[in-house]
Amino acid sequence: MGKNTVTLTNNSTNESFEFDLIECTRGPKAIDFGKLFEKTGIFSYDPGYASTAGCKSTISYIDGKNGVLLYRGIPIQDLVAKYKFTDICSLLISGELPKDSTESAEIDLELRHLSFLHEGLINIFKAFPDGAHPMANLSSAVGALSTFYKDYMEIDNDDEYQMMAKRMIAKIPTLVAFSYRNSIGYPNVYPDISRSYVENFLFMLRAFPDGKLKRTLQGEVEIDKLEVEALDKIFTLHADHGQNASTTTVRNVASTGVHPYAAISAGINALWGPSHGGANEKVLAQLAEIDDAKNVDKFIARVKDKNDPFRLMGFGHRVYKNYDPRAKVLKGLKDDLAKKGIKMNNKFSDIAEKIEEVALKDEYFIERNLYPNVDFYSGIILTALKIPVSLFTPIFVIGRMPGWCAQVIEHIKSGARITRPRQVYEGK
Ligand code: ACO
């Protein structure tokens, strides 16, 4: 058997260079190109990093060909069926699931106790105009958290890292609720720590300032157990996803040695874009635009038109060349909630299913391996949970928070160098 190396030959000079292959526990190996420039005097060119691994990681694993996603080696289908989101937070940031239900309840309770915000931070929301997108308010507020928690993490102090992460995970639902309520001119509702992590979030969105849930002209505001369970699963499905654009942003910013909350604030901005987490909001706008399942064919023809930059939102993925396993779970969850009596927007649900049916049989989508991604069905469920559309991407932020925290911890602990790619200069 040959050595685990690859040889690169420069055909113009006839020089050959050997590079080590890095072993991994799953998935493709990587060529160690760290010394490529030093050895050869040339750079590698990979815009969009389609073939580049920027780090080594033990947090999540994606097999895009077979539609598999693991957190710390465990399939997400198992995690979503058996564990609460707060258990998943523990799995991602500390590497361990709770041992038993007592430990699970303790984790949830600790997070609830950390959910309050400093009054000074709350004033920030008042500075933003009505109608500001909650994602904009949120990234500013998360950046500002670093002014209240000034302590940087000691590289060898595990407790400090864990506290940084728990504080962030605990406060993000409060920040999201306050971002939203301020954006529509509603007074804030403070956390009610007698409620679980997920239920408390729905409470902060729905309650009146006197802390009561009341029937309004818009309908019932009581929190249904099914709603809490569904939102819990949605958070779990978004908890981590390898080196996507926002996680890479978080790692890159953290590599400069900045405060972890500043790095996470940058990740929130990266997630906001419609090619990434912002797609969930756009999917709903697209369903509304299509308006009727009978218009789907016309719509798909437009998506395929090369002269039209229009894309089918919630479809396609850089890594998945198969059905996104998160979308599969969400589709099942949508059907399950409808069966159990949670009121769905049937028109949207029918349009989405028709899009999927047409697209998966169409040559354009088959050739390019375009399948529904995590954002395709999540908005329909969130609407059924009475979550306003402008909160869809902030909900993604709550779910992704344990992943970003775990990735920051892993990156800093690895002693990674500052991220500093090169360029191919084409100027004067
Ligand atoms: N609708 C129509 N065509 C598409 C779509 C789509 N949603 N996605 C990709 N394609 C086509 C492209 O036009 C391209 O076709 P071509 O080879 O004829 O030029 C081909 O498929 C490959 O597309 P790329 O843009 O090269 O794929 P990339 O990996 O760079 O982009 C992305 C992935 C951004 C997710 C893309 O599929 C997309 O824009 N999807 C819609 C937005 C979306 O749903 N984003 C959420 C992704 S999940 C997440 O981030 C949480």
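Model, not experiment: these values are computed from the prediction.

> How would you explain the pairing of strand β1 (residues 5-10) if you had to name every residue and give the values?
Looking down a regular strand, the side chains alternate between one sheet face and the other. Bridging between β1 and strand β2 (residues 15-22) involves six bridges; their strand directions are antiparallel. Looking at the pairing, Thr5 lines up with Asp20 of β2. In this structure, the hairpin formed by β1 and β2 is closed by a connection of four residues, where Asn14 is found at a positive phi of approximately 65°.

> Could you give an account of the side chain of Thr236, naming the residues involved and the relevant values?
Looking at the element boundaries, Thr236 is found in helix α9 (residues 225-237). If we skip the residues at most four places from it in the chain, Thr236 touches Tyr71, Val80, Lys84, Phe85 and Ile88.

> Just give me the short version of the site of the ligand, but keep the residues and values in it.
Around the ligand lies a shell of 21 residues, among which His276, Lys306, Leu312, Gly314 and Arg318 are the nearest. A distance of 2.8 Å separates an oxygen atom of the ligand from a polar side-chain atom of His276. Here an oxygen atom of the ligand and a side-chain polar atom of Arg318 are 2.8 Å apart. The residue makeup of the shell around the ligand, split by class, is 10 nonpolar, six polar and five charged. Each of domain 2 (74-276 + 394-414) and domain 3 (279-384) gives at least three residues to the shell around the ligand.

> Describe the domain arrangement of the protein chain, with residues and values.
In terms of domain boundaries, the protein chain breaks down into domain 1 (5-53), domain 2 (74-276 + 394-414) and domain 3 (279-384). Domain 1 and domain 2 are separated by 38 Å when their C-alpha centres are compared.

The rules we used
- Residues numbered from 1 in each chain as written.
- Predicted model: local features only at pLDDT ≥ 70, side-chain atom pairs only at ≥ 80, totals over all residues.
- Heavy atoms only, no water.
- Pairing = 2+ DSSP bridges.
- Helix = DSSP H or I, 4+ residues; strand = E, 2+ residues; numbered from the N terminus.
- Contact = heavy atoms within 4.5 Å.
- Near = heavy atom within 4 Å.
- Polar contact = N/O pair within 3.5 Å; in protein donor to acceptor, adjacent residues only side chain to side chain.
- Nonpolar A, V, L, I, M, F, W, Y, C, P; charged D, E, K, R; others polar.
- Domains from an automatic or database assignment.

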